[in-house]
Structure formats: structure tokens, C-alpha cells
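# Survey of secondary and tertiary structure
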Amino acid sequence: MLAQLAAIADLIAAAGVIASLLFLAFELRIQNRETGLSNWRHLLESLTSFKATTNDPAMADLVVRGNAVYTSLTEAEKLSYGHYLEQEIHIIGNFEKHSGTVPSQMRDLEIAVHNLFLDLLSPPGARQWWAEAKPRGRFMPNTVRTIEKMQEDGRRPRGPHL
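Every residue gets a number counted from 1 within its own chain, in the order that chain's sequence is written. Only residues with pLDDT of at least 70 get local features here, since the model is predicted, and only at 80 or more are side-chain atom pairs given and counted; chain-wide, interface and lining totals rely on the full set of residues. Side-chain numbers here rest on the full set of heavy atoms in the structure, without hydrogens or water.

### Overview of the overall build of the protein chain
Condition: In this description a helix means any DSSP run of H or I spanning at least four residues, a strand means any run of E spanning at least two, and both kinds are numbered starting from the N terminus. Radius of gyration: C-alpha atoms only; globule rule: 2.2 Å multiplied by the number of residues to the exponent 0.38. Using a 1.4 Å probe on the protein chains alone, a residue whose accessible area is under 20% of its type maximum counts as buried, one over 50% counts as exposed, and one in between counts as partly exposed. Contacts: residue pairs with any heavy atoms within 4.5 Å of one another. To measure how exposed things are, a 1.4 Å probe is used in the Shrake-Rupley method; for residues, cover is taken only from the protein chains shown.
Looking only at helices and strands, the protein chain features six helices and zero strands. Starting at the N terminus and walking to the C terminus, you meet the elements of the protein chain as α-α-α-α-α-α. The C-alpha atoms of the protein chain give 25 Å as radius of gyration, which overshoots the globular expectation for 162 residues (15 Å, by more than 25%). The dimensions of the protein chain, computed from C-alpha atoms along their principal axes, are 95 × 35 × 30 Å. In the protein chain, buried positions account for 33% of the 162 residues. Considering only residue pairs separated by 6 or more positions, the protein chain has 74% of its internal contacts joining residues 24 or more positions apart. A total accessible area of about 10400 Å² is found for the protein chain, and carbon and sulfur atoms account for 62% of it.

Here is the structure:
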């Protein structure tokens, strides 16, 4: 009788361990999903902040002139324009780093962000700046490859419903 109770207790304990492991796996899955969404919210916030810098008319004027002919800017303006583009490139790097974790409801965001950054890095002045800044080695190699590929490939095809 005692042996049967011990066997039943072992069975209940094993079931409890299995239930605990299943619960833990479920909770980890939820936490991973929430962390991924939090990362994407942070990336979108950084993109929004970046875009807002041109709400200042003086900065917008600098970007317009820099986009046209980077070499015509003063040294101080080149510094500001370059930092503006570097901030953009670091955002590109973060998007690239997290691209494998894009939530399914945000898949088209990758296309939109790609095209936005292509618009920002394609003007003649931005290309002049890139040709000068790239050899300095201040960007991660994967980010450099991404920018080079974006400039070579041009626009990504639009999603099927666009």
C-alpha cells in the first residue's frame, strides 16, 4: 500500500514538473514576443525622432542644400549634415539587426523603411558624403553592405496589396 502511494506521489510530482515546464515555456514565448515588439517600438520612436529633426527650418535648409551638393557646405555645415546622415545610418543598422524579428503585422514596414532610407541616402550630396565617410570605418561592416546594396538595388518591390 505504501509503495503504491509512493508511486502515485512520484507520478503526481512528475506531472507537476512537466506542467511547470510547459508554463515556463509559454511564459518565455510571451516574454520573447513582448521584447521583440518593444524593440520595434523603440526603433520606430528613434525613426520618428530622426525625421523630426527637419521640423526645424534651419536644419531642413541644411539637409536640402547638403542633398544637392555636399561639397558646397561649410565645414561646420558638413559636420551637422554628416551627423544627420550618420544618425540615419545607425537607425538603418538597428533595423537591419532586428529584421529577423519583425512581427507579422509589421512586415510591410521593412519595405517602407528601406524606401525611406533609400530616399535619404540617394541624393547626390548624400552620395558625396557617403563616398567621403565610408572609408573612415565608423560603420559596422554589415551596415556598409546594407547601404551599398540599397543604393545598387534601388527600391524594393511593393507588397502584393499595395
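Structure shown, so let's carry the discussion forward.
### A short note on the packing of aromatic side chains
Note the threshold: Two aromatic rings, drawn from Phe, Tyr or Trp (for Trp, its six-membered ring), form a pair once their centres lie within 6.5 Å of each other, and the interplanar angle then sorts them: stacked below 30 degrees, edge-to-face above 60, tilted otherwise. Consider the ring centre and the ring normal. A charge sits over the ring if Lys NZ or Arg CZ is within 6 Å of that centre and within 35 degrees of that normal.
Applying the stated criterion to the full structure yields five aromatic pairs. Ring geometry for W129 and W130: centres 6.2 Å apart, planes at 45°, overall tilted. In this structure, W129 and W130 share a single accessibility class: buried. Here W130 and F139 contribute two aromatic rings whose centre-to-centre distance is 5.5 Å and whose plane-to-plane angle is 45°, an arrangement assigned as tilted. Judged by its relative accessible area of 4%, W130 is buried. A relative accessible area of 8% means that F139 is categorised as buried. Aromatic rings pair up to connect W129, W130 and F139 into one cluster. Between the NZ or CZ atom of K78 and the centre of the ring of Y70, over which it lies, the distance is 5.4 Å.

### Here's the deal with the packing of helix α2 (residues 57–68) against helix α3 (residues 75–97)
Worth spelling out the cut-off: Only C-alpha atoms enter the line fits that serve as axes; for helices the fit covers just the stretch in contact. Angles between N-to-C directions range over 0 to 180 degrees. By the definition adopted for this analysis, an angle is roughly parallel if under 35 degrees, roughly antiparallel if over 145, roughly perpendicular if from 65 to 115, and oblique otherwise. All residues other than Ala, Val, Leu, Ile, Met, Phe, Trp, Tyr, Cys, Pro, Asp, Glu, Lys and Arg, Gly among them, are scored as polar; the first ten of these are nonpolar and the last four charged.
At a minimum axis distance of 10 Å, the contact between α2 and α3 shows a crossing angle of 90°. In terms of axis orientation, α2 runs roughly perpendicular to α3. Contact residues: α2 offers M59, L62, V63, R65, G66 and N67, while α3 offers E77, S80, Y81 and Y84. Here the residues of the contact of α2 with α3 sort into five nonpolar, three polar and two charged.

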